[in-house]
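Below are the chains, spelled out letter by letter.
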Amino acid sequence: MASRTEIKPGQALPTVTKKITTASILQFESCGVLQKENIHNNPELAKKRLGTTYAIASGRMSITFAAEIMRKFFGPDVFNHTGTVNLKFLKPVKDGDTITVTGAVSGTEDVDGESHVSVDLFCENQDGDRTAVGIGTAVIK
Amino acid sequence: MADSPLKLFVYDDVVIGEELGSYEYILTQEMVDNFRASVEDPDASFPTLGVKHDATAFAMVYDDQIGTVNAGNQVEFFNPPIVGKKINVTGRISDKYLRRDKPYIVLEATAVDEDGRMLEKLSTYQLKKPDELGKKWHPEQK
């Protein structure tokens, strides 16, 4: 993990690559406390509501992937207590896709003895299409 | 709130700041294991993301016949949840707006455990006209 003195703008975060399958989408959907049919676990409902021929992965899976690279970069002691992730979803993620999540430090600011670090975050599929973009932040004391 | 009859969701009737109430659940090891397996991250610290706190709060109040597409999420992490602890979630509709003539609502949920530890604050930007997004993704299906 990166220490405060090492973090510089442009520095890359660890990359993760995730294979998305129907099984992983359904397993993610089963994590809730309220089991309901939705566009993630029911292709027919996705077709009715979105016009797609497939169910789409929850955007929260991409949030989790982005949180993973943030945690690996800052360390859990920092990220799990000060971190944020903010993603905008651009394209659907579905069974068979491979999503690669990357990030780079966009800026640092010293505030009251703490280092506030901002990161640009990107999710891309196997075709190079961006499926989500956003920012993450963490505070190093 | 889970015992109350669901209200039919009507976009025009939604009021910014509307409270969605609260609910509780106990985080189990099975939930953690299931979540970590689904995202292929054995150290994933916030299985609460899989519970979809804000969307669950909404679904416990509203019968949504329109459906939704998640346009974005914003999450603040404060403390990882602990297995066996009761988690209390409070939800509300924090915003509502039109963008390019498309209706959006913003759901917000705050999660605190039984010891009063703040866990996470989650917001979701929901497009309440999902067919429009489907057309954008697949213009050939218009």
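In what follows, the structure referred to is the one given above.
J.: Please clarify how the overall build of chain B should be interpreted in this entry.
T.: Scanning chain B for helices and strands turns up 4 helices and 7 strands. Along chain B, helices and strands appear, N-terminal first, in the series β-β-α-α-α-β-β-β-β-β-α. Projected onto its principal axes, the C-alpha coordinates of chain B cover approximately 45 × 35 × 25 Å. Every one of the 142 residues in chain B was classed for burial, and the buried ones make up 38%. For chain B, contacts bridging at least 24 residues in sequence account for 72% of all contacts bridging at least 6.

J.: Is there a simple way to think about the overall build of chain A in this case?
T.: Broken down by element type, chain A carries 4 helices and 5 strands. Its helices and strands in sequence order give chain A the pattern β-α-α-α-α-β-β-β-β, from N to C terminus. Dimensions of chain A along its principal axes, counting C-alpha atoms only, are 55 × 35 × 20 Å. Relative to its full complement of 141 residues, chain A shows a buried share of 42%. Partitioning the contacts of chain A with sequence separation of at least 6, the portion at a separation of at least 24 is 63%.

J.: Explain the nonpolar core to me, please; I cannot follow it from the model alone.
T.: The nonpolar side chains of soluble globular proteins are, as a tendency, buried together. All names here are of chain A. A66 and M70 are the most contacted members of the largest nonpolar core, which has 64 residues in total. If one sorts the elements of this core by residue count, helix α3 (residues 59–74) sits on top with 9 residues. In this structure A66 touches V85, L87, V101, L121 and G136, once residues within four positions along its chain are discounted.

J.: Help me out: how do you make sense of the interface of chain B and chain A in this one?
T.: Many structure descriptions define interface size as the accessible area lost when the parts assemble. The partner chain A presents 37 residues to the 41 residues of chain B that form the contact. Sorting the residues of the side of chain B that touches chain A by element identifies α1 (29–38), α2 (48–51), α3 (53–59), β4 (69–77) and α4 (130–137) of chain B as the ones contributing at least two each. When the residues that make up the side of chain B that touches chain A are grouped by side-chain class, the tally is 21 nonpolar, 14 polar and 6 charged. As judged from the 5 bridges shared by strand β2 (residues 84–89) of chain A and β4(B), these two strands associate in the antiparallel manner. By the bridge assignment for β4(B), T84(A) is matched with E76(B).

J.: Sorry, what's going on with the environment of H40(A) here?
T.: All names here are of chain A. Structurally, the position occupied by H40 is in the loop between α1 (22–29) and α2 (43–50). Residue classification places H40 among the buried residues on the basis of 22 C-beta atoms within 10 Å. On a C-alpha basis, the gap between H40 and G59 in space is 9.7 Å, while along the polypeptide they are 19 residues apart. Every residue in contact with H40, bar those within four places of it in the chain, is listed here: I25, E29, A55, I56, A57 and S58.

J.: What should I look at first to understand the sheet that holds β2(A) in this one?
T.: Strand pairing in a sheet is mediated by backbone hydrogen bonds. Such pairs are either parallel or antiparallel. Taken in spatial order, the 10 strands line up as β1(A)-β3(A)-β4(A)-β5(A)-β2(A)-β4(B)-β7(B)-β6(B)-β5(B)-β2(B) in an open sheet, and their pairing is antiparallel. Every other strand in the sheet has two partners, leaving β1 (16–19) of chain A together with β2 (19–26) of chain B as the edge strands with one partner each. With direction set aside, neighbouring strand axes in the sheet form an average angle of 20°. Alignment of β2(B) against strand β5 (residues 86–99) of chain B, held across 7 bridges, turns out to be antiparallel. Bridging from a neighbouring strand, Y23(B) pairs with V89(B) of β5(B). Here α3(A) sits on the sheet and contacts β1, β2, β3 (98–111), β4 (114–124) and β5 (130–140) of chain A together with β4 of chain B; the angle it forms with β2(A), its principal contact strand, is near 140°.

J.: In this structure, what is going on with unusual backbone geometry? I would like to understand it.
T.: Note on backbone geometry: most residues besides glycine have negative phi, and most peptide bonds are trans. All names here are of chain B. Residue E40 is not a glycine yet carries a positive backbone phi of 50°. Within the fold, E40 resides in the loop between α1 and α2. Unlike most non-glycine residues, D101 shows phi in positive territory, near 65°. Mapped onto the elements of the fold, D101 is located in the loop between β5 and β6 (102–113).

J.: Honestly, α1(A) in this entry has me stumped. Any pointers?
T.: Taken as a whole, α1(A) has its buried residues at I25(A), F28(A) and E29(A). Buried residues of α1(A), seen end-on, are gathered within an arc of 100° and therefore sit on one face of the element. Along its buried surface, α1(A) packs onto α3 of chain A together with α1 and α2 of chain B.

J.: For this particular structure, what's the right way to read α1(B)?
T.: An α-helix turns once per 3.6 residues; consequently, residues spaced three or four apart project the same way. Among the residues of α1(B), those classed as buried are M31(B), V32(B), F35(B) and S38(B). For α1(B), the buried positions fall inside an angular range of 135° around the axis, keeping them on one side. Exposed and oriented more than 90 degrees from the buried face of α1(B) are Q29(B) and E30(B). Residues of α1(B) that are buried make contact with α1 of chain A together with α2 of chain B. Phi turns positive, to about 50°, at E40(B), one or two residues after α1(B).

Quick notes on the rules
The numbers attached to residues start from 1 for each chain and follow its sequence in the written order. The naming scheme follows written order: chains are lettered A onward, ligands numbered 1 onward. Side-chain atom pairs in this predicted model are given and counted only at pLDDT of 80 or more, local residue features only at pLDDT of at least 70, and totals for whole chains, interfaces and linings cover all residues. By the criteria applied, helices consist of DSSP H or I runs no shorter than four residues and strands consist of E runs no shorter than two, each listed in order from the N terminus. A residue is called partly exposed when the number of other C-beta atoms within 10 Å of its own lies between 12 and 20, exposed at 12 or fewer, and buried at 20 or more, with C-beta atoms placed from the backbone. Our contact criterion uses C-beta atoms placed from the backbone: two residues qualify when those atoms are within 7 Å. Throughout this description, the term nonpolar core refers to a group of buried Ala, Val, Leu, Ile, Met, Phe, Trp, Tyr and Cys residues whose C-beta atoms join them within 7 Å. The residue classification treats Ala, Val, Leu, Ile, Met, Phe, Trp, Tyr, Cys and Pro as nonpolar and Asp, Glu, Lys and Arg as charged. All others, Gly included, are polar. Note on pairing: DSSP must find at least two bridges between two strands before they are called paired. Lines fitted to the C-alpha atoms define the axes, with helices restricted to the stretch that makes contact. Angles between their N-to-C directions range from 0 to 180 degrees. As used here, the arc is the angular range of directions from the helix axis to the C-beta atoms.

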